[in-house]
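Here is what each chain is made of, one letter per residue.
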Amino acid sequence: MINFRYHNFFIVLICLFLATTGISQDKGIFSGGLESNANFFQRDSLIGADGIPQYDHLLFGAEAWMNLSYQIGTWNMGIRFDIFNNSNLRDPNGAYTEQGIRYWYLKKQIKNLEITAGHMYDQIGSGIIYRAYEERPLFIDNSLYGLKLKYDINEDWSIKAFTGKQKNLFGTYSGILKGASLEGYLSLGEEKPITFAPGIGLVNRTHSEENMTEIVSILKTYIGTDRVTPVYNTYAASLFSTVSYDAWSLYFEGAYKTPEVFNDPYALKTSLSGELVEGKFIKKAGTVLYSSLSYGKKGLGITGEIKRTENFDFRTRPVLSLNHGLINFIPPMNRINTYRLTARYSPATQLLSELAYQMDVRYAINKRLSVNVNFSNITDLNNKLLYREIYTEFLLKKKRSWRLIAGLQLQSYNQQIYEGKTAAPMVQTITPFVDFLYKLNRKNSIRLEGQYLYSKEDYGSWLYGMVEYTFAPKWGFELSGMYNIATTKKAPKDANGNAIQVLYPTVGATYTNGSNRFALKYVKQVEGIVCSGGVCRLEPAFSGFKFSVNSSF
Amino acid sequence: MKNRILYTFLSVLLFISCTEKPVIVPEFVAPISDRVILLEELTGVRCPNCPAGSLKVEDLLQLFEGQIVAMAIHGDVLSEPLDESKYDFRSADAEELEHYLLPFWGKPAAAVNRIVSDGQQAFLNPDTWSGYIEAELAKEHVLDIQLSTTYDESTRALTVNMGIIPLKDMSGTFNISLAITESHIIDAQLNSTVVIPDFEHNHVFREMLTAVPGDFLASELTKNEVINKSFSFTLPTDDDLWVAENCHVIGFVSLNEENSKEVLQAAQAEVVH
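A few points on the structure. (Residues numbered from 1 in each chain as written. Chains lettered and ligands numbered in written order. Predicted model: local features only at pLDDT ≥ 70, side-chain atom pairs only at ≥ 80, totals over all residues. Heavy atoms only, no water.)

Moving on, we get to the overall build of chain B. A tally of helices and strands in chain B yields 4 helices and 13 strands. Residues classed as buried in chain B amount to 56% of the 273 residues present. Counted over contacts in chain B with a minimum sequence separation of 6, partners at least 24 positions apart contribute 69%. Of the roughly 12000 Å² that chain B leaves accessible, carbon and sulfur atoms contribute 50%. Considering chain B, the positive charge centre built from 17 side chains and the negative charge centre built from 42 side chains are found 11 Å apart. (Helix = DSSP H or I, 4+ residues; strand = E, 2+ residues; numbered from the N terminus. Buried < 20%, exposed > 50% of the residue type's maximum accessible area, 1.4 Å probe, protein only. Contact = heavy atoms within 4.5 Å. Areas by Shrake-Rupley, 256 points an atom, 1.4 Å probe, with all protein chains shown as cover. Lys, Arg positive; Asp, Glu negative; His and termini not counted. Charge placed at Lys NZ, Arg CZ, Asp CG, Glu CD.)

The next thing to look at is the overall build of chain A. Counting its secondary structure elements, chain A contains 4 helices and 32 strands. Here chain A has a C-alpha radius of gyration of 25 Å; the compact-globule value for 553 residues is 24 Å, and the two agree. A burial count over chain A gives 50% of its 553 residues as buried. In chain A, 57% of the contacts between residues at least 6 apart in sequence involve partners at least 24 apart. For chain A, the accessible area works out to roughly 25500 Å², and carbon and sulfur atoms hold 60% of it. Within chain A, one finds 60 positive and 48 negative side-chain charges whose respective centroids are separated by 5 Å. (Rg over C-alpha atoms; globule rule 2.2 N^0.38 Å.)

A few words on the state of the cysteines. By definition, a disulfide is the covalent link that joins the sulfur atoms of two cysteine residues. Residues and elements named next belong to chain B. Counting across every chain of the model gives 1 disulfide over all chains. Two residues share a disulfide in this structure: Cys47 and Cys50, whose sulfurs sit 2.1 Å from each other. Residues Cys47 and Cys50 share a disulfide whose torsion about the S-S bond is about 80°; that sign makes it right-handed. You can call Cys50 buried: its relative accessible area is 0%. (Disulfide = S-S within 2.5 Å.)

By convention, interface size is frequently given as the accessible area that disappears when the constituent parts associate. Facing 43 residues of chain B, the contacting portion of chain A comprises 58 residues. Around 4100 Å² of area is buried between chain B and chain A when both sides are counted, 62% of it from carbon and sulfur atoms. A:Lys269 is the partner of B:Asp127 in a salt bridge, and the nearest nitrogen-oxygen pair spans 2.6 Å. Counting only elements with at least two residues in the side of chain B that touches chain A, the list comes to α1 (2-13), α2 (50-63) and α4 (129-137) of chain B. Residue classes in the side of chain B that touches chain A are distributed as 23 nonpolar, 12 polar and 8 charged. (Buried area = accessible area lost by both parts, 1.4 Å probe. Salt bridge = Lys/Arg side-chain N within 4 Å of Asp/Glu carboxyl O. Nonpolar A, V, L, I, M, F, W, Y, C, P; charged D, E, K, R; others polar.)

Moving on to empty space enclosed by the protein. Left-over empty space is what a probe sized like a water molecule reveals as it rolls over the atoms. Inspection of every chain in the model, using the stated rule, returns 5 cavities of 30 Å³ or more. Each pocket or cavity is described by its volume, and for the largest cavity that value is around 180 Å³. What lines the largest cavity is a set of 14 residues, and nearest its centre among them are A:Val319, B:Trp105, B:Phe123, B:Leu124 and B:Tyr132. Residues that form the lining of the largest cavity fall into these classes: 7 nonpolar, 5 polar and 2 charged. (1 Å grid on protein atoms, 1.4 Å probe; cavity = no way out; pocket = protein on both sides within 12 Å on 5 of 7 lines; lining within 4 Å. Points joined across faces, edges and corners; volume = space filled by probe spheres on them.)

Looking now at the packing of helix α3 (residues 209-219) of chain A against α4(B). Between α3(A) and α4(B), whose axes approach to 8 Å, the crossing angle comes to 110°. Between α3(A) and α4(B), the crossing angle belongs to the class labelled roughly perpendicular. Regarding α3(A) and α4(B), the two cross each other, and that crossing is right-handed. On α4(B), the residues that touch A:Glu214, A:Ser217 and A:Ile218 of α3(A) are B:Ser130, B:Gly131, B:Tyr132 and B:Glu134. (Axes fitted to C-alpha atoms, helices over the stretch in contact; angles between N-to-C directions. Parallel < 35°, antiparallel > 145°, perpendicular 65-115°, else oblique. Left-handed = near helix turned anticlockwise from the far one by under 90°.)

Now for the packing of α2(B) against α4(B). Each pair of packed helices can be described by the angle between their axes along with the distance between the axes. Residues and elements named next belong to chain B. Interhelical geometry of α2 versus α4 gives an angle of 35° and a closest axis separation of 11 Å. The handedness of the crossing between α2 and α4 comes out as right-handed. Contacts between α2 and α4 involve Gly53, Lys56, Val57 and Leu60 on the former and, on the latter, Trp129, Ser130 and Ile133. A breakdown of the residues in the contact of α2 with α4 according to their chemical character gives 4 nonpolar, 2 polar and 1 charged.

This next bit is on a positive patch on the surface. All names here are of chain A. A grouping of Lys298, Lys367, Lys397, Lys399, Arg400 and Lys439 is seen on the molecular surface, where their side chains present a positively charged patch. Relative to the helices and strands, Lys399 resides in the loop between β22 (385-398) and β23 (402-413). What makes Lys399 exposed here is its relative accessible area of 69%. (Patch = residues over 30% accessible without salt bridge, like charges linked within 9 Å, V, L, I, M, F, W, Y side chains within 5 Å.)

Residues and elements named next belong to chain A. Counting 52 residues, the largest nonpolar core has Ile129, Tyr130, Val203, Phe312 and Trp462 as the members making the most contacts within it. Going through the elements one at a time, β7 (130-132), β16 (233-245), β17 (248-270), β18 (276-297), β22, α4 (415-419) and β26 (461-471) are the ones with two or more residues in this core. For this core, the element with the highest residue contribution is β26, accounting for 3 residues. When near neighbours in sequence (up to four residues on either side) are disregarded, Trp462 contacts Leu341, Arg344, Gln451, Tyr452, Leu453, Met482, Tyr483, Asn484, Ile485, Tyr504 and Val526. (Core = buried A, V, L, I, M, F, W, Y, C linked by side-chain atoms within 4.5 Å.)

Cis peptide bonds are those with omega within 30 degrees of zero, and the linkage from A:Ala472 to A:Pro473 qualifies with 0°. Positionally, A:Pro473 belongs in the loop between β26 and β27 (475-486). With a phi close to 55°, B:Asn113 is a non-glycine residue in the positive phi region. For B:Asn113, a relative accessible area of 0% gives the class buried.

Residues and elements named next belong to chain B. In this model α2 runs 20 Å from its N-terminal to its C-terminal C-alpha over 14 residues, within 8% of the 20 Å that 1.5 Å per residue would give. Of all 14 residues making up α2, 10 are buried, and the element is well covered by its neighbours. For α2, the full list of buried residues reads Cys50, Pro51, Gly53, Ser54, Leu55, Lys56, Val57, Asp59, Leu60 and Leu63. (Expected span 1.5 Å × (residues − 1).)

A separate point is the packing of aromatic side chains. All names here are of chain A. Scanning the model with the defined rule gives 36 aromatic pairs over all chains in all. With a centroid separation of 5.3 Å and 70° between ring planes, the pair formed by Phe84 and Phe139 is classed as edge-to-face. Residue Phe84 is located in strand β3 (residues 75-87), and its partner Phe139 is located in the loop between β8 (134-135) and β9 (140-141); the two are separated by 55 residues in the primary sequence. Taking the relative accessible area as the measure of exposure, Phe84 reaches 0% and is therefore buried. An angle of 50° between the planes, with centres 6.1 Å apart, marks the rings of Tyr357 and Phe375 as tilted. Separated by 18 residues along the polypeptide, Tyr357 in strand β20 (residues 353-364) and Phe375 in strand β21 (residues 369-379) bring together distant segments of the chain. A relative accessible area of 38% means that Tyr357 is categorised as partly exposed. Of the aromatic side chains, those joined through ring pairs into one cluster are Tyr469, Phe471, Trp475, Phe477, Tyr511 and Phe518. (Phe/Tyr/Trp six-rings, centres within 6.5 Å; stacked < 30°, edge-to-face > 60°.)

The next thing to look at is the environment of A:Glu393. All names here are of chain A. Positionally, Glu393 belongs in strand β22. Classification of Glu393 as buried rests on a relative accessible area of 12%. Excluding residues within four positions of it along the chain, Glu393 makes contact with Arg335, Ser370, Val371, Asn372, Ile405, Ala406, Gly407 and Phe433. For Glu393, the side chain forms a polar contact with the side chain of Tyr391, separated by 2.6 Å. (Polar contact = N/O pair within 3.5 Å; in protein donor to acceptor, adjacent residues only side chain to side chain.)

Shown next as structure tokens:
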């Protein structure tokens, strides 16, 4: 058996060999990038930035990813070196240290056949039954480590099949994944054709003996009807298509997962004493139905989406929770907000019980003024409200001079469900916001942001202000503050137990030189939810300096 | 062309054509082992799901009778007393111990012999704890601990004698720890969205009689070469708490190395026999 370090060494060697010996006269193309973050932790027990090793004694944490890819002729290859140095990215409450080659692939095109070996990111349909992807801010990297074959049957139709194991840190989970999909394209009509992009996919996960032992060890402690029979194999299939006609586009996908054992945190289990407690492993089939309809004409864009999810927790190892070991990705059904306070409460996609719809309308009244209205509503399948948002935004601009964005957001956010804070009431917010960009001249501009989040729940109301000055193309400066203007009992308290209105400032500068970007910030940040594409996690408060270097070549 | 596509895809679908033999979930039987496992439950009176964790601990104590000892640590997260609380279970030792058991992703969580799995030292889902216990019981039994107590009711003075008997020669950094727990404390506990005013808190960690990571024991352990240690402590006087009859001492030997804090063996004794 090859030692893992030698294994990595051989990968580098193969890549260098292929790159330098020259498979053809073509010299090929090298490209790559670096992303690195360093955090300097300064304990601030007042805001809850304490109690983890980084604040207590490590004081520093960093993470970086450097990738290289090389293309020559019909060969394509890539490699990535990852380093985590007392990083709190994997676990916001812990320190993670590891380094090495965490991603590599070799790809070869032989006529219609494409062969990929190594790590690969991919998805079937919208990802409901299978998506291998990377989301660095959330420490998600569930690439498949295995082999993929893709065959182009003709210009419009292709079929692919893959097998492997899901990545887990610098290794893999023990279960086996395999899948296949057939995707194509059809066009009917000449002048205004109606087009179809249909597809069908299938994924199978086979438990390892190790996984099955783990499941059985849980189930054998259950009594009576709580006991279920696990299966080694679970299959998930989906049927999907995009249908386009003129300015209309319809996407639909239906997915089914065969019965398997998974954790339902709300199912009632009988303990040995006879008491009922929440949370047990159950065995059920899962379904997801998802559809979106959009209309786009000059100046007008309308999108409507609807999704129903039932028991679709599909993981490589069922005892995992949160964002760990997910095989699939279920699209979120709310607006992706970017302003600090409008993004403070963001709903994570629910895997067991969710009914959601969203409507988004954008209309340009003229060249200077446009509006955007978004409404999203998420409930569970028993019609219990989880999330509701009404978002309005106006954009007014004067060409080459200034741009003004202003709007109002109303939210209802079920903190019990999304943050596991069982006793928390529904958070209701009203958030007006304004964003003004003024171009002083061709190179210098100033941007001002102001937001006010009104709420009686959670931490109460917040005021946020930001000034950003840009000396294009190299320098940018930011000064911002988030102030807890109306506190609740969750607010930090002084020695007498009185609530303190805390200011969370950020001061930072960025320097860009070609494809290199350096950023240094002093940050005090309140605990909050960080989301990406409907996948979220609760981040604790932060206090300290953040330094990042990003580069591409 | 259509047929070609169909046949190709159908051939891929073949891999679902077989049905698998049903998995049999056997009746629970505790493994035969002389090991005693330390279960450190991370809990808190403000933790809405922690009653389920506590109930799981009681189930496990019943299933693995005599094979596990349990401590409920109200250290930091979600441990601040409720408005309805009579007592504050937190202490400097409890907070330090909770931080010593990082990383963990939330509560209730439990450390099982302080092994690390998937980067976590305390595991989130109570249903998974039994699997870790079984795996620990399957490991080699490398040392025994004999624990005895003497308690003077008039002075509340407690003496604990601990005898460590290595069953094989071992080298490393070995620490010894001794803790006091208290059970049958009736006080408020959040359960889901409601407060249970008279929840029975059991195995509540009260104090460490050694340093929280343990005191240094030895770097070499020789088979059958007994190491005796003695500890003295006076139980604090309190109107409701520190009821000697409800207190236990828990002793254990653990590794204290850069990559492992694993507990090798634990033992428990009543303060009052």
